[in-house]
Amino acid sequence: MNLKNDWWKILLGLFLTGVIVAAFLYAPRAKALGETTRILFFHVPCAWVATLAFLISATYSILYLRKNEVRYDAWAYSSAHIGLIFTILATVSGAIWAKEIWNAYWNWDPRQTSIFILLLIYAAYFALRSAVEDEQSRARLAAVYSIIAFVTVPFLMFIVPRIYESLHPDPLINAQGKIKMDVKMRQVFFASLFGFTVMFLWMLRLKVQILLMERKLESQIVTER
Amino acid sequence: MWNLVDKSIVVFRKDFQLEFRTRYALNAIAMFALTTLAVISFSIGPIQLDTNILAPLLWVILFFSAMSGLSHIFVREEEQQTADTLRLVLPPNAIWLGKWLFNVILLFGLEIIIVPVYFAMMNTQVENLSIFFPSLILGSLGLASVSTIIAAIISIASSRGALFAVLAFPIALPILFSAINSTRLSMEGAPFMDSWSDLQVLLSFTIIIITTSLLVFEFVWKR
Amino acid sequence: MVVEAKGLTKHFNRRTIFSDISFHLEDGESLVITGPNGSGKSTLVKIISGLLTPTSGTIEFYNDGKLLPAEVKYHQLGLVSPYLQLYKDLTAWENLTFFARTRDSKVDESRLKMLLKRVGLGGREHDELKTYSSGMIQRIKYVAALYHQPRILILDEPTANLDEKGAKIVYEIIKEQTSRHILIIATNEPDEVKFGMKHVELG
Amino acid sequence: MRKLMTLAAIAADTTLTQMSQSMPEKKAGENIYIVLAVTVLIFGGVFFYLLYLDKKVNRLKKKVESREE
């Protein structure tokens, strides 16, 4: 580690440690929910990052189609890759929490359904990439798929909650009334959201660097032959 | 614009001639649909199913039948190495539109056979036809649109068969959700307005998929 | 009509097929592309005819000094090549009318019949292509490529699968094309190389 | 950025609402170990992925340098 360049990594580490501590000690528990509220501080940012990654991937896909430059594909691919990891983390952590509170790991709650669809889309994206041999075609087709999926998602956001309410009239989800977040909870929540976003951007940069370096190395090897 | 429609009809006509001669796609999807239907009907026996199950079942059959045959339209060009020929003589959007039209007709053709058989075998009937027909037509249009663009994407990939369903499923979900819901309403005899929002979703989603496809198809088709 | 290629380069994954190919052709000129197998002759032909996009570089067609937009490029282009397949389940006539319709909704049947006779295939046009020999299919490809009187004719291995008689017909077509318009041939046959006024050597 | 913030707030709000509404009569959600497990899972996942990326970058950097020499 080089202190001159890496100071912000250390800062980020300290910041996130602070968030964890605050989540357990500083933030109050929501009345009805007990200790498990604290999952919110980590689970929601994961889902947020997964969505953000998906957005970034689609944006770079459009850029790739317009500019036809390899680095845009590297960004789109990396973002989807990290997005998939966060989607899995959000799904698993959500399921554990659901087991605790609903007594079932999975029950097609609208939010679970949404993240499951996101998971499906990511999985399809990588399945497509691995099935196309030529690099340019691969990048192009993946970009197109990403854009089509991106167009679909808003529809799902609109339909899923409606359909699942009407198909499964579940009083647990349907009841009216809202809880406003406590000020302290809000502070910790947004701090965590910020920390996760920075961490995501850092990972994204690393991943892109790796991809581009690998490319460069491979083309060096090919030309030497 | 007119030129585009003319040319897409040229593509459609050629594909129709080809299909008429080989009957590959029609055979594949009709046999698939009938087999599935027979299996389902056989396994439930005399039990009368609830509309909550009947509606999804119909769309599951239609979806997987579409998955078994609608990719053929692009895969055939790739397999017989005629894709380059097509690429040389026609603009991409005319090709997409022509193939889309073919898939729409193919799916409608399948439904004319399969839907009456379905209702006969399941011993049930539609209470409100003014919901049923719009949902069936709009749902098929949507399904054909999604299938056509995804078929174009997978036509140069390896392991196409499995990939087609994997890629199409998340994209087709809004269609399935809405079409299943409105079909269920039509079976329960609900008033037309109840299905209004579902039909709206089906229509707008189909339009958006067609528009997006026309915007991006050029990149799929390019080598 | 002018064909202008500048710095054409093609990579497949990291492999370079060829790089920095430029040429300039005007009406009445011909270009021959030679090179050993695998040197990218077909790839270059595909790029010229717009079937493949180059990794870098441009290929542009000008008509009376004006750039032809991509949508109408193929109106001026005729291509005969081994990888340009026809629809085997359709008859020769159905294939040819399909290609004719892609250009204009009206099919000039008398021209099609004249061309069929010219390549020596009159009378068999209503048989399905799968009953044809490869030499006969090659002749049908010439009919399809010449139907709209292309100002740029591109031939990849022009006499592949053809007997002596067929080759003679092709040479006549070549001579006719070079007398007025642009011709591009990709070949290694010494007999055909001599048709080229300009020369691109690959590999 | 403001938009994003409100968006996130809405997301959090709805999740909270759901959490509270989904409360059954019985006393659930008091298990601190579940919370700990989830925290460890998330941070563990992220941390190991970062470590993996970092290692890969360093390895590649060395490779590139050795090639250039």
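Just above, that's the structure.
Residues numbered from 1 in each chain as written. Chains lettered and ligands numbered in written order. Predicted model: local features only at pLDDT ≥ 70, side-chain atom pairs only at ≥ 80, totals over all residues. Heavy atoms only, no water.

Caption draft 1: Quick peek at the packing of aromatic side chains. What the rule picks out here adds up to 31 aromatic pairs over all chains. Members of the aromatic cluster, joined through ring pairs, are A:Phe42, A:Phe86, A:Phe196 and D:Phe43. Over the ring of C:Phe98 we find B:Lys14; its NZ or CZ atom is 5.7 Å from the centre of that ring. Over the ring of C:Tyr83 we find C:Lys46, and its NZ or CZ is 4.6 Å from the ring centre. (Phe/Tyr/Trp six-rings, centres within 6.5 Å; stacked < 30°, edge-to-face > 60°. Lys NZ or Arg CZ within 6 Å of the ring centre and 35° of its normal.)

Caption draft 2: Molecular detail of the sheet that holds strand β6 (residues 77–80) of chain C. All names here are of chain C. Strands sit in the order β6-β7-β8-β3-β9 across an open sheet of five strands; the sheet is parallel. The open sheet has two edge strands, β6 and β9 (198–201), and neither has a second partner. Averaged over all pairs of adjacent strands, the angle between their axes in this sheet comes to 15°, without regard to strand direction. On top of the sheet, helix α5 (residues 134–146) reaches β6 and β7 (152–156); it is set at about 175° to β6, its chief contact. (Pairing = 2+ DSSP bridges. Helix = DSSP H or I, 4+ residues; strand = E, 2+ residues; numbered from the N terminus. Axes fitted to C-alpha atoms, helices over the stretch in contact; angles between N-to-C directions. Contact = heavy atoms within 4.5 Å.)

Caption draft 3: Broad picture of the interface of chain C and chain B. At the interface, 24 residues of chain C touch 23 residues of chain B. Both sides of the chain C and chain B interface together cover about 2300 Å² of buried area, and 61% of this is carbon and sulfur. Where chain C packs against chain B, one counts two salt bridges. When the shortest N-O distance is used, the salt bridge between B:Arg21 and C:Glu94 registers 2.6 Å. Linking chain C with chain B are six residue pairs in polar contact (both at pLDDT 80 or more), by the criterion used here. (Buried area = accessible area lost by both parts, 1.4 Å probe. Salt bridge = Lys/Arg side-chain N within 4 Å of Asp/Glu carboxyl O. Polar contact = N/O pair within 3.5 Å; in protein donor to acceptor, adjacent residues only side chain to side chain.)

Caption draft 4: The arrangement of the arrangement of the chains in detail. Where four pairs of chains are in contact, the pair with the most contacts is made of chains A and D. Separated without contact, chain B and chain D have their nearest C-alpha atoms at a distance of 22 Å. Chain C makes no contact with chain D; the smallest distance between any of their C-alpha atoms is 17 Å.

Caption draft 5: Looking closely at the environment of B:Ile209. Here B:Ile209 is to be found in helix α9 (residues 196–221). Placed 38 residues apart in sequence, B:Ile209 and B:Ile171 show a C-alpha to C-alpha distance of 9.4 Å. If near-sequence neighbours (up to four positions away) are discounted, B:Ile209 is found in contact with A:Ile148, B:Ser145, B:Val146 and B:Ile171.

Caption draft 6: Region of interest: the packing of helix α3 (residues 51–69) of chain B against helix α8 (residues 160–188) of chain B. Residue and element names in this part refer to chain B. Orientation of α3 relative to α8, taken along the N-to-C sense of each, is 145°, at an axis distance of 8 Å. Between α3 and α8 the crossing geometry is right-handed. Between α3, through Thr51, Asn52, Leu54, Ala55, Pro56, Leu58, Trp59, Phe63, Ala66 and Met67, and α8, the contact on the second element is made entirely by Phe164, Ala165, Ala168, Phe169, Ala172, Leu176, Ala179, Ile180, Thr183, Arg184, Met187 and Glu188. In the contact of α3 with α8, the residues fall into 17 nonpolar, three polar and two charged. (Left-handed = near helix turned anticlockwise from the far one by under 90°. Nonpolar A, V, L, I, M, F, W, Y, C, P; charged D, E, K, R; others polar.)

Caption draft 7: How the structure looks around unusual backbone geometry. The phi dihedral of B:Arg23 is positive, around 50°, even though this residue is not glycine. Along the polypeptide, B:Arg23 turns up in the loop between α1 (2–22) and α2 (24–44). Positive phi values are uncommon outside glycine, yet C:Asp64 reaches one of about 50°. Tracing the backbone through its elements, the reader meets C:Asp64 in the loop between β4 (56–63) and β5 (66–67).

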